[in-house]
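Take a look at the letters that make up each chain.
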Amino acid sequence: YLYILDSRPTPDNRMTYFIDGFDPENDTEAELSLGDTEDISYVDEDGQNVDVYDEKLFMAIETGEVQISEIYTSGDFGNMVSGFAPIVDGDEVVGVVGVDISVEEVMQAANRFGMVLLPLGLGACILFGLISVWLINRMVGKPIRALTDTSNAMANGAIDVDLSIDGHDEIGRLADSFKAMMANTSNQV
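Nothing here was measured: the structure is a model prediction, and the numbers come from that model.

Student: Is there a simple way to explain the pairing of strand E8 (residues 79-89) in this structure?
Tutor: Strand residues, when the strand is regular, have side chains that alternate between the two faces of the sheet. In the sheet, strand E6 (residues 67-68) pairs with E8 via two bridges, with the strands oriented antiparallel. The residue of E8 that forms the bridge with Gln67 is Phe84. In the sheet, strand E7 (residues 72-73) pairs with E8 via two bridges, with the strands oriented antiparallel. Bridged to Tyr72 within E8 is Met80.

Following this line, the structure appears as structure tokens:
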């Protein structure tokens, strides 16, 4: 719910609306028009004086700084939080933009977003996992299989085997040592 109020209450202690956000599909109350006013407080059925506006609205008017309320319960609307941003002309606060947000609606939107984000994150993890397995197999598995095949061939008596593994990592150094061992074995034979 979005609204803009004049920062100065009327002499009879009412707030004047510049703009009142209104959704005819969801709001049951009548739309307020430019210049409509609303009491700052009222007396409830128990005789208690009830403030219509959060004290943070008046703090925003007084300080000229953005204010955010605590979470509160608001009748038919459930748990709410309000924010107030002053409209400043020079050094004077001339109005306040107010927004009231339903905590339940925010949580529902966050849950919907999470339900969309969860499969995307899971899909990205699976894709990353598959790419990682493929890269590890290519960078580690393939050279190890070549070393194993060459070792088995030498164990079966073949001395003219070719090992084409190049690299500067641990597997490359192992392949260089294995090539030196194969050359030494060929020379001894």
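On we go from here.
Student: Even after reading the chapter, I still don't get the environment of Lys56, so can you show me in this structure?
Tutor: Examined against the element boundaries, Lys56 turns out to sit in helix H1 (residues 55-63). Expressed as a C-alpha distance, the spacing of Lys56 and Gly83, which sit 27 residues apart in the sequence, is 7.9 Å. Aside from chain neighbours lying at most four places away, what touches Lys56 is Gln67, Ile68, Ser69 and Phe84.

Student: Mind showing me how you'd approach helix H3 (residues 170-188) here?
Tutor: For the α-helix, the turn length of 3.6 residues means that residues three or four positions removed from each other point alike. Here H3 contains 19 residues, and its C-alpha end-to-end distance of 27 Å stays within 8% of the 27 Å for a straight helix at 1.5 Å per residue. Here the buried face of H3 lies against helix H2 (103-155).

Analysis parameters
Residues numbered from 1 in each chain as written. Predicted model: local features only at pLDDT ≥ 70, side-chain atom pairs only at ≥ 80, totals over all residues. Heavy atoms only, no water. Pairing = 2+ DSSP bridges. Helix = DSSP H or I, 4+ residues; strand = E, 2+ residues; numbered from the N terminus. Contact = heavy atoms within 4.5 Å. Expected span 1.5 Å × (residues − 1).

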